[in-house]
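Take a look at the letters that make up each chain.
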Amino acid sequence: MMALSALIFCCSPRSSGGSHGSRATGPVAALIATPRDATVAALEAVLAAAGPDVVVDLVGGLPPGAATPLLPGVDLAAARAANCGGLPSPARVTATARGRLFGHRGVSGRQLRAAAAELAHDPARYRDLITHRTGMDGAARLMRRLARTRDRTVDGRRLVKLSVRIAATEGDP
């Protein structure tokens with residue numbers, strides 16, 4: 001099985017057609033979620049394939065001092081870190097001659113402090129680290145449910161951490 005080093009979604013209503021390596025001629029959106037040592041190469045691949053109407057969501061980590069000659073003067077780490085925990089709204093976007101770049105990182109200090117306060121207030125509620133276990137199909141159903149509602153009660157218990165079994169055969173408990 002090949003390891004996934006980059007997850008890139010590109011959508012373009014038109015392309016320059018034909019051969020492999022052709023440049024897209026319409027709008028392109030890319031989500032890059034990579035290990036930190038693969039992020040710059042993935043970004044460069046997107047920039048090489050896309051026209052100037054590209055929007056890149058940079059989720060992957062970055063090594064210290066990460067840069068690309070394709071975006072001279074752009075601080076990639078700052079562009080990625082400019083958005084955190086859903087803030088600011090609207091998101092900060094870095095505009096370049098080659099397109100737009102934005103990213104996001106984890107949660108804010110405020111969100112971490114709120115979580116710590118909740119843990120301190122009711123530690124028994126979070127005693128078990130893994131509160132639910134399921135297979136891939138169950139995880140997909142659960143993620144769709146969580147996207148629709150803020151209620152984290154699943155099977156009568158608050159969902160804290162979900163363990164997902166990845167196996168050749170499915171079998172939700």
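Please read these numbers as outputs of a predicted model, since none were measured by experiment. (Residues numbered from 1 in each chain as written. Predicted model: local features only at pLDDT ≥ 70, side-chain atom pairs only at ≥ 80, totals over all residues. Heavy atoms only, no water.)

Q: Would you mind going over the nonpolar core with me for this structure?
A: General note: in soluble globular proteins, nonpolar side chains tend to be found buried as a group. I32, L43, V54, V56, L71, L76 and L101 are the most contacted members of the largest nonpolar core, which totals 19 residues. Those elements that provide at least two residues to this core are strand 1 (28-32), helix 1 (39-49), strand 2 (54-58) and helix 2 (76-81). No other element matches helix 1, which puts five residues into this core. Apart from the residues lying within four places of it in its own chain, the contact partners of V54 are V28, V46, L47, R98, G99 and R100. (Core = buried A, V, L, I, M, F, W, Y, C linked by side-chain atoms within 4.5 Å. Buried < 20%, exposed > 50% of the residue type's maximum accessible area, 1.4 Å probe, protein only. Helix = DSSP H or I, 4+ residues; strand = E, 2+ residues; numbered from the N terminus. Contact = heavy atoms within 4.5 Å.)

Q: Even after reading the chapter, I still don't get the pattern of salt bridges, so can you show me in this structure?
A: Charged atoms that come close allow side chains of opposite charge to pair. The full count for this structure, using the stated rule, is two salt bridges. For E118, the salt bridge goes to R125, with nearest N and O atoms at 3.5 Å. The exposure class of E118 is partly exposed, given its relative accessible area of 31%. Using a relative accessible area of 42% as the deciding quantity, one classes R125 as partly exposed. Between R145 and D151 there is a salt bridge, and its shortest N-O distance comes to 3.6 Å. Under the relative-accessibility criterion, D151 is labelled partly exposed at 38%. (Salt bridge = Lys/Arg side-chain N within 4 Å of Asp/Glu carboxyl O.)

Q: Sorry, what's going on with the sheet that holds strand 3 (residues 94-96) here?
A: Sheet strands pair by backbone hydrogen bonding; their relative direction is either parallel or antiparallel. In spatial order, the strands read 1-2-4-3; together these four strands make up an open sheet with mixed pairing. Of all the strands in the sheet, just strand 1 and strand 3 have a single pairing partner and so form its edges. Strand-to-strand twist of the sheet, defined as the mean angle between neighbouring strand axes without regard to direction, takes the value 20 degrees. (Pairing = 2+ DSSP bridges. Axes fitted to C-alpha atoms, helices over the stretch in contact; angles between N-to-C directions.)

Q: How do you make sense of helix 4 (residues 136-148) when you look at a structure like this?
A: Owing to its 3.6 residues per turn, the α-helix aligns residues three or four sequence positions apart on the same side. Its 13 residues give helix 4 an end-to-end C-alpha distance of 19 Å, which sits within 8% of 18 Å, the value for a rise of 1.5 Å per residue. Every buried residue of helix 4 is accounted for by G138, A139, L142 and L146. The buried residues of helix 4 occupy an angular sector of 95 degrees when projected down its axis, which confines them to one face. Away from the buried face of helix 4 by more than 90 degrees, exposed residues A147 and R148 are located. Contacts from the buried residues of helix 4 go to strand 5 (132-135), strand 6 (153-154) and strand 8 (162-165). (Expected span 1.5 Å × (residues − 1). Arc of directions from axis to C-beta.)

Q: Any chance you could explain a nonpolar patch on the surface here in plain terms?
A: Residues M136, V164 and I166 make up a contiguous nonpolar surface patch of roughly 290 Å² in combined accessible area. Looking at the secondary structure, you find I166 in the segment after strand 8. Residue class for I166 comes out exposed when judged on its relative accessible area of 72%. (Patch = residues over 30% accessible without salt bridge, like charges linked within 9 Å, V, L, I, M, F, W, Y side chains within 5 Å. Areas by Shrake-Rupley, 256 points an atom, 1.4 Å probe, with all protein chains shown as cover.)

Q: So what exactly am I meant to see when it comes to the confidence of the model for the protein here?
A: Detailed conclusions should not be drawn from predicted coordinates in areas where pLDDT is low. With 79% of its residues at a pLDDT of 70 or more, the protein shows a mean pLDDT of 78. Here residues 1-20 is modelled with pLDDT under 50, and outside its nearest four sequence neighbours on either side it reaches 40 contacts, counting other chains as well. (pLDDT = per-residue confidence, 0-100.)

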